[in-house]
Amino acid sequence: MVSKPHGGKLVRRIVAERTRERILSEQSEYPRVQIEHGRAIDIENIAHGVYSPLKGFLTSDDFGSVLDNMRLSNDLPWTIPIVLDVEKPNFDEGDAILLYYEDLPVARMHVEEIYTYDKKEFSVKVFKTDDPAHPGVARVMNMGDYLVGGEIELLNELPNPFAKYTLRPVETRVLFKELGWKTIVAFQTRNVPHLGHEYVQKAALTFVDGLFINPVLGRKKKGDYKDEVIIKAYEALFKHYYPKDSATLATVRYEMRYAGPREAIHHAIMRKNMGATHFIVGRDHAGVGDYYGPYEAWDLFDEFPDLGITPMFIREAFYCRKCGGMVNAKICPHGEEFHVHISGTKLRKMIMAGEQPPEYMMRPEVYEVVRSFENPFVE
Amino acid sequence: MMEMEEFVEVKIPKSLYDRIKERVEEAGFDSVDEYVTYVLREVLASLEEEEEEVFSEEEEEKVKERLRALGYLD
Ligand SMILES: [Zn+2]
């Protein structure tokens with residue numbers, strides 16, 4: 001069986017069509033609150049059950065419990081605070097409000113609680129640092145001074161140029177069932193695949209029925225690969241190197257927090273909700289800079305025996321000239337002088353310089369795709 | 001400010017406590033409390049009732065249609 005949703009039941013917070021029409025016709029009667037892109041994406045993820053069991057943004061008891069215990073107040077594992085911040089509320093507890101991204105009414109929210117919080121404490125507990133150079137910390141420091149907790153109902157999806165690749169948990173669950181997969185390993189990515197990724201994915205696939213590649217689409221940093229490049233590159237890889245009946249590709253929209261170990265748990269929960277039974281935890285998973293140890297995320301999984309999805313810890317792969325193939329530190333007896341480590345940064349530099357990476361770093365079909373874009377990177 | 005997680009006391013037989021205590025260190029835990037919490041969470045998670053998926057056959061058929069249209073299913 002595919003994984004049971006986190007908390008037992010897949011959340012769906014989408015208003016019925018008639019209710020939606022009524023709410024939209026009465027828009028002016030609700031307090032109007034502007035939200036940013038990342039929060040609108042969170043709302044989509046709540047509404048479609050990617051964040052099950054959350055039905056809305058955290059209230060203060062859950063928020064405090066997530067910071068202190070990495071669990072919701074009902075003891076369910078939850079590591080990343082999903083919160084809605086406002087500068088100054090123009091509404092009261094008990095009100096229903098409408099949340100707008102630009103001019104689009106995204107959701108109705110039932111305000112259960114308005115509360116204040118400590119940004120430094122938030123940062124230190126979630127990111128293990130309050131260094132403003134950390135992108136997650138910088139975001140928290142720019143947040144409004146109030147948090148608003150309460151349930152949401154989705155009114156409108158954000159426009160999605162990759163809608164045909166974006167599968168929701170109900171869809172991935174049906175897909176896995178139809179494919180006859182009982183065990184599914186999910187891989188989270190924001191990159192064009194190189195041989196190291198392929199090795200890790202295929203090593204994991206050896207032990208389960210299906211491989212679910214799930215690139216995260218969302219706001220990018222300068223120098224990141226564009227969403228379209230990542231999708232097309234994976235399509236090329238699938239076409240030429242992946243078994244048709246045991247690998248599939250679908251995207252999810254999500255705003256990265258760069259919270260390292262805590263975020264690795266969160267990524268696993270999202271994939272559990274999509275039906276995966278296993279989750280690949282990479283080297284420096286969801287990290288940034290050198291705030292987290294390369295395998296620190298692996299250790300944190302020990303604290304969650306009740307997570308309900310099995311982490312798979314597969315070591316970083318590299319090419320060994322002596323072995324003549326992709327290996328990892330556990331299985332290769334040879335010295336560093338034989339090893340070629342494949343780094344995303346190195347590949348990016350080669351691609352920018354118009355230089356084709358060797359085949360033991362990147363499949364030529366993948367390089368062809370990347371090269372076909374005038375500029376594959378975010379400017 | 002946030003309060004730390006609340007704790008309550010639970011009584012277990014002394015002989016059991018002693019047996020757990022012997023295992024605590026080799027299992028990589030700092031205390032009996034921590035070990036007991038871990039084991040109970042694990043047991044509860046495995047006992048949690050299976051809930052039926054809530055979507056109807058009609059809904060499931062719609063999802064399958066979309067998956068076919070997108071090329072995910074033949
Ligand atoms: Zn070797």
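Preceding this paragraph is the structure being described.
Residues numbered from 1 in each chain as written. Chains lettered and ligands numbered in written order. Predicted model: local features only at pLDDT ≥ 70, side-chain atom pairs only at ≥ 80, totals over all residues. Heavy atoms only, no water.

K.L.:
Is there a simple way to think about the overall build of chain B in this case?
P.N.:
Tallying secondary structure elements over chain B gives 3 helices and 0 strands in all. Along chain B, from the amino end to the carboxyl end, the secondary structure elements read α-α-α. Counting only residues that meet the buried cut, chain B has 18% of its 74 residues in that class. With the model as given, the accessible surface of chain B reaches about 6,700 Å², and the carbon-plus-sulfur share is 50%. (Helix = DSSP H or I, 4+ residues; strand = E, 2+ residues; numbered from the N terminus. Buried < 20%, exposed > 50% of the residue type's maximum accessible area, 1.4 Å probe, protein only. Areas by Shrake-Rupley, 256 points an atom, 1.4 Å probe, with all protein chains shown as cover.)

K.L.:
Please clarify how the interface of chain A and chain B should be interpreted in this entry.
P.N.:
A common way to state how big an interface is: give the accessible area lost once the parts meet. With 32 residues of chain A in contact, the opposing surface of chain B contributes 25 residues. Both sides of the chain A and chain B interface together cover about 2,700 Å² of buried area, and 58% of this is carbon and sulfur. Across the chain A-chain B interface, the total number found is 5 salt bridges. If you look at where chain A meets chain B, you find 7 residue pairs in polar contact (both at pLDDT 80 or more). Only α3 (60–69), α6 (169–179) and β10 (247–249) of chain A provide two or more residues apiece to the side of chain A that touches chain B. Counting residues per element, the side of chain A that touches chain B draws most heavily on α6(A), at 8 residues. Residues that form the side of chain A that touches chain B fall into these classes: 12 nonpolar, 5 polar and 15 charged. (Contact = heavy atoms within 4.5 Å. Buried area = accessible area lost by both parts, 1.4 Å probe. Salt bridge = Lys/Arg side-chain N within 4 Å of Asp/Glu carboxyl O. Polar contact = N/O pair within 3.5 Å; in protein donor to acceptor, adjacent residues only side chain to side chain. Nonpolar A, V, L, I, M, F, W, Y, C, P; charged D, E, K, R; others polar.)

K.L.:
Explain the coordination of the zinc ion here, please?
P.N.:
Geometry reference: four tetrahedral donors at a metal, ideal angle 109.5 degrees. Six octahedral donors, ideal angles 90 or 180 degrees. All names here are of chain A. Binding of the zinc ion to the protein goes through C320 (SG), C323 (SG), C332 (SG) and H334 (ND1), at separations of 2.1 to 2.3 Å. Every donor counted, the 4 donor atoms about the zinc ion form angles of 100 to 118 degrees at the centre, which fits tetrahedral coordination. Positions of the donor residues of the zinc ion, expressed as sequence spacing, correspond to C-x2-C-x8-C-x1-H. In this pair, C320 is assigned in strand β14 (residues 317–320) and H334 in the loop between β15 (325–328) and β16 (339–341), connecting sequence segments 14 residues apart. C320 gets classed as buried once you look at its relative accessible area, which sits at 0%. A relative accessible area of 25% means that H334 is categorised as partly exposed. (Donors = N, O, S within 2.8 Å, 3.2 Å for Na, K, Ca; no water. Tetrahedral: all angles 85-135°; square planar, octahedral: opposite > 155°, others 65-115°.)

K.L.:
Can you help me understand the sheet that holds β16(A) in this one?
P.N.:
Note on sheets: strands pair through backbone hydrogen bonds, and any given pair is parallel or antiparallel. Residue and element names in this part refer to chain A. One open sheet holds the 3 strands; their spatial order is β15-β14-β16, and the pairing between them is antiparallel. A single partner strand is all that each edge strand has here, and the edge strands are β15 and β16. The mean inter-strand angle of the sheet, taken between neighbouring strand axes irrespective of direction, is 45 degrees. Where helix α7 (residues 195–205) meets the sheet, its contacts fall on β14 and β15, and the angle it forms with β15 comes to roughly 65 degrees. (Pairing = 2+ DSSP bridges. Axes fitted to C-alpha atoms, helices over the stretch in contact; angles between N-to-C directions.)

K.L.:
Please explain the nonpolar core as it appears in this structure.
P.N.:
Taken as a class, soluble globular proteins show a tendency for nonpolar side chains to be buried jointly. In terms of nonpolar packing, the biggest core is built from 88 residues, with I43(A), Y51(A), F57(A), F63(A), L99(A) and F122(A) touching the most fellow members. The next biggest cluster of nonpolar side chains, apart from the first, holds 41 residues, and it includes L211(A), I230(A), L249(A) and F377(A). (Core = buried A, V, L, I, M, F, W, Y, C linked by side-chain atoms within 4.5 Å.)

K.L.:
Quick question: what am I supposed to make of the side chain of T277(A) here?
P.N.:
All names here are of chain A. Mapping T277 onto the fold places it in the loop between α9 (260–273) and β12 (278–281). Reaching out from T277, the side chain makes a polar contact with the backbone nitrogen of I184 at a distance of 2.8 Å. Once residues lying within four places of it in the same chain are set aside, the contact partners of T277 are M1, V2, S3, K182, T183, I184, I309 and T310.

K.L.:
What should I look at first to understand the packing of α6(A) against helix α3 (residues 57–69) of chain B in this one?
P.N.:
Helix-helix packing: each pair is described by the crossing angle between the helix axes and the interaxial distance. Interaxial distance between α6(A) and α3(B) falls to 10 Å at its minimum, and their mutual angle equals 80 degrees. Comparing their axes, α3(B) and α6(A) come out roughly perpendicular. Touching V170(A), E171(A), V174(A), L175(A), K177(A) and E178(A) of α6(A) are E60(B), V63(B), K64(B), R66(B) and L67(B), all from α3(B). Of the residues belonging to the contact of α6(A) with α3(B), the class tally is 5 nonpolar, no polar and 6 charged. (Parallel < 35°, antiparallel > 145°, perpendicular 65-115°, else oblique.)

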